[in-house]
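Chain by chain, the residues run as shown.
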Amino acid sequence: MLLEKSKIETYLGFCIRSGQMVFGIDNIEAKRKGVKLLISDGELGKNSFKEILKAQEKFACPLLMTENGVLSEYVHRPAVKAVAILDNNLASAILAVVDSEPQFKLYSGGNN
């Protein structure tokens, strides 16, 4: 029996296959431009969270927060706690469906 994938998981899969995703805080920081959306896992450490907030400010893009472990499960990489989406259309599609998925929240500042 196949479990139905969520739309966000499908869109993240498109990003991976098209090479429009950057994995990890260090790789995100190394990007100079082109980041359209940041997604971080709830398990992200304090210092790494500060770094992703700096990246959000640098790229002037939205930041999505997930519940613990959801991101690594969706991208099928257990150690990944942060990703950046580089494609504008896929980022827009993910943001359009984020309200229908309770495990994703748009970060608006402060402590979640």
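Residues numbered from 1 in each chain as written. Predicted model: local features only at pLDDT ≥ 70, side-chain atom pairs only at ≥ 80, totals over all residues. Heavy atoms only, no water.

### Considerations on the overall build of the protein
Consideration 1: When its secondary structure is counted, the protein shows 5 helices and 5 strands.
Consideration 2: For the protein, the succession of helices and strands along the chain, N to C, is α-β-α-β-α-β-α-β-α-β.
Consideration 3: Along the longest, intermediate and shortest principal axes, the C-alpha atoms of the protein span 40 × 30 × 25 Å.
Consideration 4: Counting every position in the protein, which comprises 112 residues, the buried fraction comes to 44%. (Helix = DSSP H or I, 4+ residues; strand = E, 2+ residues; numbered from the N terminus. Buried < 20%, exposed > 50% of the residue type's maximum accessible area, 1.4 Å probe, protein only.)

### Focus on helix H1 (residues 7-18)
Consideration 1: Helix length check: H1, at 12 residues, gives a terminal C-alpha distance of 17 Å against a target of 16 Å (1.5 Å per residue), a fit within 8%.
Consideration 2: Every buried residue of H1 is listed here: Ile8, Glu9, Leu12, Gly13 and Cys15. The buried residues of H1 all sit within an arc of 160° when viewed along its axis, so they share a single face. Exposed positions of H1 whose direction lies more than 90 degrees from the buried face are Lys7 and Arg17.
Consideration 3: Of the surrounding secondary structure, the elements contacted by the buried residues of H1 are strand E1 (21-23), strand E2 (37-40), helix H4 (70-75), strand E4 (82-85), helix H5 (88-97) and strand E5 (104-106). (Expected span 1.5 Å × (residues − 1). Arc of directions from axis to C-beta. Contact = heavy atoms within 4.5 Å.)

### Focus on the packing of aromatic side chains
The description of an aromatic ring pair rests on the distance of the ring centres and on the angle between the ring planes.
Consideration 1: All told, the structure shown has 3 aromatic pairs when counted by the stated rule.
Consideration 2: Ring centres of Phe49 and Tyr107 lie 5.5 Å apart, and the angle between their planes is 80°; on these two criteria the pair is classed as edge-to-face. One end of the pair, Phe49, is in helix H3 (residues 46-59); the other, Tyr107, is in the segment after E5, with 58 residues separating them in the sequence. The same class applies to Phe49 as to Tyr107, namely buried. (Phe/Tyr/Trp six-rings, centres within 6.5 Å; stacked < 30°, edge-to-face > 60°.)

### Quick notes on the pairing of E4
Consideration 1: Alternating residues of E4 divide into Ala82 and Ala84 and Val83 and Ile85, and every residue in both groups is buried.
Consideration 2: When E1 meets E4, the two strands line up antiparallel, connected through 3 bridges. Across the sheet, the residue bridging to Met21 is Ile85, located in E4.
Consideration 3: Sheet analysis places E2 next to E4, joined by 4 bridges and oriented antiparallel. By the bridge assignment for E4, Ile39 is matched with Val83. (Pairing = 2+ DSSP bridges.)

Interpretation note: all reported values are geometric properties and have no functional meaning in isolation.
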